[in-house]
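Survey of secondary and tertiary structure
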Amino acid sequence: MNEIDARADALAARPYAFTLTGGEDGVYTVQVLELPGAISEGDTPDEALANGRDALAGVIAAMLERGQDVPEPFESREFSGVTQLRMPPSLHARAVALARHDNVSLNRFLSAAVAHYIGYNEALATTGAREAAATHR
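Thresholds, definitions, all that
- Residues numbered from 1 in each chain as written.
- Predicted model: local features only at pLDDT ≥ 70, side-chain atom pairs only at ≥ 80, totals over all residues.
- Heavy atoms only, no water.
- Helix = DSSP H or I, 4+ residues; strand = E, 2+ residues; numbered from the N terminus.
- Contact = heavy atoms within 4.5 Å.
- Areas by Shrake-Rupley, 256 points an atom, 1.4 Å probe, with all protein chains shown as cover.
- Pairing = 2+ DSSP bridges.
- Core = buried A, V, L, I, M, F, W, Y, C linked by side-chain atoms within 4.5 Å.
- Buried < 20%, exposed > 50% of the residue type's maximum accessible area, 1.4 Å probe, protein only.
- Axes fitted to C-alpha atoms, helices over the stretch in contact; angles between N-to-C directions.
- Parallel < 35°, antiparallel > 145°, perpendicular 65-115°, else oblique.
- Left-handed = near helix turned anticlockwise from the far one by under 90°.
- Nonpolar A, V, L, I, M, F, W, Y, C, P; charged D, E, K, R; others polar.

**Regarding the overall build of the protein chain**
Within the protein chain, the secondary structure is distributed over six helices and three strands. Along the protein chain, from the amino end to the carboxyl end, the secondary structure elements read α-β-β-β-α-α-α-α-α. Expressed as a percentage of contacts within the protein chain between residues at least 6 apart in sequence, the contacts between residues at least 24 apart total 38%. Within the structure as shown, the protein chain displays about 9,600 Å² of accessible surface, and the carbon and sulfur contribution to it stands at 53%.

Listed below in structure tokens is the structure:
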């Protein structure tokens, strides 16, 4: 094993976020969220995840060979919990009205809406990013 492959294997062992989906054909597909080009399949979830880890190492090795920066896993990144959101004025007005109806701030309302959409516990989403991450683990 050469130096780049060894380094790629070490980097791929970090806690990257994988998605696993089962297809109608019985094949499982795994994708690395931080590196969308790292995709693989397998006949079982375990096989797909092992193949996904190999695909991740291959993508990382290619990035290292090209001198590209390898993204950090989401889990090891710091997030402020602050983001700017642009939306059509009509959607903004509707969100404000619904937030007022629920007697919460627009920020809390939108945070709960995003949490609901992604399947994240709404109570965690409204407590703040750092507290939610600590509680969620």
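There is more to say, and it comes next.
**Description of the pairing of strand β2 (residues 28–32)**
With five bridges connecting them, strand β1 (residues 18–22) and β2 associate as antiparallel partners. Bridge assignment links Gly22 to a residue of β2, and that residue is Tyr28. Following β1, the chain reverses through five residues before pairing antiparallel with β2; Gly26 in that reversal takes a positive phi of roughly 85°. Looking at chain direction, β2 and strand β3 (residues 35–42) are connected through five bridges and run antiparallel. Residue pairing for β3: Tyr28 is matched across the bridge by Gly42. If you look at the hairpin formed by β2 and β3, you'll find two residues sitting between the two strands.

**Observations concerning the nonpolar core**
Ranked by size, the top nonpolar core spans 14 residues in total, and within it Tyr16, Val32, Leu35, Leu56, Ile60, Leu64 and Val70 carry the most contacts. At the level of elements, α1 (3–12), β3 and α2 (45–65) are the ones that each hand at least two residues to this core. Each residue touching Tyr16, except ones within four places of it in the same chain, is listed here: Leu11, Val32, Glu34, Leu56, Ile60, Val70, Pro71, Glu72 and Pro73.

**Re the packing of α1 against α2**
The contact between α1 and α2 brings their axes to 8 Å, and the two run at 125°. On the basis of their axis angle, the class for α1 and α2 is oblique. In the packing of α1 onto α2, the handedness of the crossing is right-handed. Only Arg53, Leu56, Ala57, Ile60, Ala61, Leu64 and Glu65 of α2 make contact with α1, whose side of the interface consists of Ile4, Asp5, Arg7, Ala8, Asp9, Leu11 and Ala12. Partitioned by chemical class, the residues of the contact of α1 with α2 number nine nonpolar, no polar and five charged.

Keep in mind these numbers describe shape, not what the thing actually does.
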